[in-house]
Each structure stands twice: as C-alpha cells, then as structure tokens.
Amino acid sequence: MARILDGKQAAAALRERVRAEANALRADGVTPHLVMIRVGEDPASAVYVRAKEKASASTGIESRTSVLPAETSQEALAERIADLNRDPRVSGILLQLPVPAHISEEEMIAAIDPAKDVDGFHPISMGRLLLELPTFISATPLGILHLLAHYEIPVAGRRVVIVGRSRIVGRPLANLLSSRAAHGNATVTLCHTRTRDLGARTREAELLIAAAGRKRLITAEMVAPGAVVVDVGIHREPDPNRPGKQRLCGDVDFPAVSEIAGAITPVPGGVGPMTVAALMANTVAAARRQSGRSAPQR
Ligand code: NAP
C-alpha cells in the first residue's frame, strides 16, 4: 500500500512558514496584501477565491476581492488592473480564470505588473522561469515542489513523466524539474494527447505527475511498482454513497494505483491545498521584494 502524501499537512507546514515571514514583515511596517479580481459568476471560481481569502487570513496576508459583472469590458478591467499596479499597498494581483469570452485572458495577464504577478502567469514570469532566473513560479507547480520537498522525495537524476502540457501546470513543471536548481535535475518526459502509447511512457516514471484533466486516466497498469504518483486533476462527480451529493476525484484511479505506487497524493487533500499555500508564499515574497528586503534564511 502506497504512502499517502498528505497535502493538507504539507500545506499547513508551508503556511506556518509564510505566516512567520508575514508577521516579521508586518512588524517592520510592511503588510502583504493580495487583491483578487473575479469577473462574472463562475461557481468554481467563487469557491477557489473563497479558499484563497481564507488562506490569506490564516497567514497574516490582507486580501480583498473585486467581483466585476460578467459584462465588464476589457478596457474597464485593464483600468482596474492599472490602478492596482500603481497602488503601493498592493503586493499581489490575481486575475481569477476563466474570464468571460469577450475578454482576452492573455492581454489581461500581460497587463499585470510582473512585480505583482503572484500567479506567475505573466510572459515575463514564464520567460524567467525558462531561463532559470528568480521569478514567481505559478502556484500549482510551486506547491508540488514544496510537497516533494516536505516528504523528502528525491528528484535529481530521476525519470519523471508528466502527463499534460498546460501553461499553468505541465509545461512550467517540466522546466522546473529539469532545471539545474536544487528542486530539479530530473530527466523529464512531457506527455500529451499526441503521445504514442501513453502507458509505456508512464510505466518508465519513477515520479509520475498526472495533470491531464481526465478522470481516472492513470490506471494501475500504467504505473511502475514503487513509483511516486502526484495527482493534479480535480473532477466533480456524483457521490454513489451520498445520493444527491458530489465528490471529488483526480486523474488517477486512486484505489487501484495506491496498491502499486510507493507514494501517492489523494484527491482531495493532495495538490489542491499546496496550490493555495504556494500562492500565499508568492504574495509574501512579492511584499518582501517590493520592500527591498532579502529572503529569510531557512
Ligand atoms: P488543460 O489546460 O486542460 O491541459 C490538459 C493537458 O493534458 C493538455 O496538455 C492535454 O494534451 C493533456 N491531455 C488531456 N488528455 C490526455 C490524454 N488522454 N492523454 C495524454 N494527455 C492528455 O489542463 P490544466 O489546466 O493543466 O489542468 C489539468 C487538471 O488539473 C484539471 O483536472 C484541473 O482541474 C486540475 N488542476 C488542479 C489544480 C490544483 O490546484 N490541484 C490546479 C490547476 C489545475 P494536449 O495539449 O495535446 O491537448
């Protein structure tokens, strides 16, 4: 039976460190401040934003959410972002995605000051990541790095297979894990829908990261005995044990794969909590950098 990599526990440890740094900054007169912008009434977005507000409150970060009507024009949204860019009290700006179809996600992300881009989606942040320069690493990849570090899972020299090449998860993770940094030095294979014989690739993995957004895509036959499996997927489905209720599942067939794997993240309670805690870490780092202070020694 696989060891469970408990994201709630690892996220609590990360939040604790973030809280300590936020408190130290506050004692110095610097208040980390996250502003989230949500456009329209996407119910999943509302849930995610509430989780981020709660995590902010618990880590000593001030947070505020602007909820703009779905019909907000791109110009009005750009003006709102420009105001926040100029406001010296605001450390981090997060545009909750998706935005309504008449708004260009790319243009709006590019409108955020890279110094306040705590989501790490700005082209400058992404480019710096690719160049192995200090930057904001987007929250899910950063959360996964923290999770691996928390459980002392070695990465260097290992065969890593990532399923999914999205801009927010697979692609940055592939770069981070293959970088020359302490969290990197793995040999990474990045799979997608055009990959031939996905199972043959995933069976090569010592560390398998599933971020395809396909319910239970990864079955037990696709996993090497003893592999570490990180499940990024989040899906809602009817709960067979609680009629009328929903439950969450991931990209991995958890019951079967946990019989084979050496370690595995659950859904819920795996990568999700790490993502939120990593956003808090980025926000405090933003406040620190803007105030000209250097990173605390660990
Ligand atoms: P996305 O943008 O939809 O990208 C999915 C990627 O997976 C694409 O690169 C796609 O390949 C690939 N893919 C899809 N089906 C595949 C298959 N059958 N075989 C191989 N590759 C396949 O997804 P995302 O935004 O990265 O999200 C992925 C999942 O993670 C979703 O369930 C999402 O809800 C979840 N998520 C969770 C968190 C968290 O905090 N836990 C954060 C972000 C996302 P192509 O490029 O060829 O289309």
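Residues numbered from 1 in each chain as written. Predicted model: local features only at pLDDT ≥ 70, side-chain atom pairs only at ≥ 80, totals over all residues. Heavy atoms only, no water.

(A) Just the overall build of the protein, in detail. Looking only at helices and strands, one finds 10 helices and 11 strands in the protein. For the protein, the C-alpha radius of gyration of 19 Å lies close to 19 Å, the compact-globule estimate for 298 residues. Split into buried and exposed, the 298 residues of the protein put 49% on the buried side. Look at the contacts in the protein between residues 6 or more apart in sequence, and 70% of them connect residues 24 or more apart. When the accessible surface of the protein is summed, it comes to about 14200 Å², and 53% of that surface belongs to carbon and sulfur atoms. Computing the positive centroid from 37 side-chain charges and the negative centroid from 31, the protein places the two 3 Å apart. (Helix = DSSP H or I, 4+ residues; strand = E, 2+ residues; numbered from the N terminus. Rg over C-alpha atoms; globule rule 2.2 N^0.38 Å. Buried < 20%, exposed > 50% of the residue type's maximum accessible area, 1.4 Å probe, protein only. Contact = heavy atoms within 4.5 Å. Areas by Shrake-Rupley, 256 points an atom, 1.4 Å probe, with all protein chains shown as cover. Lys, Arg positive; Asp, Glu negative; His and termini not counted. Charge placed at Lys NZ, Arg CZ, Asp CG, Glu CD.)

(B) Main features of the sheet that holds strand β11 (residues 263-264). Pairing is parallel in the open sheet, where six strands are placed in the order β1-β11-β8-β7-β5-β6. Because the sheet does not close on itself, it has two edges, and the strands there are β1 (3-4) and β6 (187-191). The sheet contact formed by strand β5 (residues 159-163) and strand β7 (residues 207-210) spans four bridges and is parallel. Of the residues in β7, the one forming a bridge with Val-161 is Leu-208. (Pairing = 2+ DSSP bridges.)

(C) Representation of helix α6 (residues 139-150). Between its first and last C-alpha, α6 extends 16 Å over 12 residues, near the 16 Å set by a 1.5 Å rise per residue. With nine of its 12 residues buried, α6 lies for the most part within the structure. What α6 keeps buried is the set Ala-139, Thr-140, Pro-141, Leu-142, Gly-143, Ile-144, Leu-145, Leu-147 and Leu-148. (Expected span 1.5 Å × (residues − 1).)

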